[in-house]
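Structural description and commentary
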Amino acid sequence: MIKIVLICAGGMSSSMLARNMEAAGKEKGLDIHIWAIGESEAVRKVDDAQIILLGPQIRYRLAALEKQFPELPVKMIDMQDYGMMNGKATLEKALKAIEEHK
């Protein structure tokens, strides 16, 4: 199973993107679980994710989260994909980052 966590300021807007990404993954026949959390929950709820994706509004946390989770790829969600809630494009970029990190 592929596990992806999205982190944004509060977790609300990224929840919509997570649903769109999960739908795109299911269309591709992937066994996938994607969840969204707020920045304050990052320490407790990253669980066993394979990648952390950050919403554009918390770009300033990128370096800190890379240090906190050195075993995981930590990537920014493209601002345009985030604004358009483009789950398909965001999922493709996440899968590529997971593969490159192996």
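Look a little higher up for the structure.
Below: a short report on this structure. Everything numeric here is computed off the predicted structure, so don't read it as measured data. Along every chain, residues carry numbers that run from 1 in the direction the sequence is written. In keeping with the model being predicted, local features are shown solely for residues with a pLDDT of at least 70 and side-chain atom pairs are shown and tallied solely at 80 or more, while totals for entire chains, interfaces and linings include all residues. Hydrogens and water are ignored here; the side-chain numbers use all heavy atoms of the structure.

**Points about the overall build of the protein chain**
The helix and strand labels rest on DSSP assignments: H or I over at least four residues marks a helix, E over at least two residues marks a strand, and numbering proceeds from the N terminus. When helices and strands are tallied, the protein chain shows five helices and four strands. Counting from the amino terminus, helix and strand elements in the protein chain follow one another as β-α-β-α-β-α-β-α-α. To get the radius of gyration, use the C-alpha atoms; to get the globule rule, take the number of residues to the power 0.38 and multiply by 2.2 Å. Here the C-alpha radius of gyration of the protein chain, 12 Å, is about what a compact globule of 102 residues would show, namely 13 Å. A principal-axis box enclosing the C-alpha atoms of the protein chain has dimensions of 35 × 30 × 20 Å. Considering only contacts in the protein chain between residues 6 or more positions apart, those separated by 24 or more positions represent 63%. Note on areas: Shrake-Rupley, 1.4 Å probe, and residue coverage restricted to the protein chains presented here. Of the accessible surface of the protein chain, which amounts to about 5,600 Å², a share of 53% is contributed by carbon and sulfur atoms. In the protein chain, 14 side chains carry a positive charge and 14 a negative one; their mean positions are 2 Å apart. Every residue pair with non-hydrogen atoms within 4.5 Å of one another is taken to be in contact. A residue counts as positive if it is Lys or Arg and as negative if it is Asp or Glu; His and the chain ends are not included. Every charge is mapped onto a representative atom, which is NZ of Lys, CZ of Arg, CG of Asp or CD of Glu.

**Re the pairing of strand β1 (residues 2–8)**
When a strand is regular, its side chains alternate between the sheet's two faces. Each residue gets one of three labels from its accessible area relative to the maximum for its type: buried under 20%, exposed over 50%, partly exposed in between, using a 1.4 Å probe on protein chains only. Here β1 lies mainly inside the structure; six of its seven residues are buried. By this definition, two strands are paired if DSSP reports at least two bridges between them. The pairing of β1 with strand β2 (residues 32–38) spans seven bridges and is classified as parallel. Paired with I2 across the strands is I32, a residue of β2. One ladder, built from four bridges, connects β1 with strand β3 (residues 51–54); its direction is parallel. Bridging from a neighbouring strand, V5 pairs with I52 of β3.

**So, helix α1 (residues 12–27)**
Structurally, the α-helix is built with 3.6 residues per turn, so residues lying three or four positions apart point the same way. Multiplying one less than the number of residues by 1.5 Å gives the expected span of a helix. In a regular helix each residue adds 1.5 Å, so 16 residues correspond to 22 Å; α1 covers 24 Å between its end C-alpha atoms and thus fits that length. Every buried residue of α1 is accounted for by S14, L17, A18, M21, A24 and G25. Buried residues of α1, seen end-on, are gathered within an arc of 125 degrees and therefore sit on one face of the element. In α1, the exposed positions that point more than 90 degrees away from the buried face belong to M12, R19, K26 and E27. Structurally, α1 contributes buried residues whose contacts are with β1, β2, β3, α4 (79–84) and α5 (87–101). Downstream of α1 by one or two residues, G29 has phi in the positive range, about 80 degrees. The arc under discussion is defined with respect to the helix axis, by the directions toward the C-beta atoms.

**Observations regarding the nonpolar core**
Residue types Ala, Val, Leu, Ile, Met, Phe, Trp, Tyr and Cys, when buried and joined through side-chain atoms within 4.5 Å, form a set referred to as a nonpolar core. Within the largest apolar cluster, 20 residues are counted, with the highest numbers of intra-cluster contacts made by I4, L6, M21, I34, L53 and L91. For this core, the elements supplying multiple residues, two or more each, are β1, α1, β2, β3 and α5. Those residues in contact with I34 that lie beyond four places of it in its chain are I4, L6, A18, M21, E22 and L91. Residues V5, A42, L65 and V74 belong to the second largest nonpolar core, which totals 14 residues.

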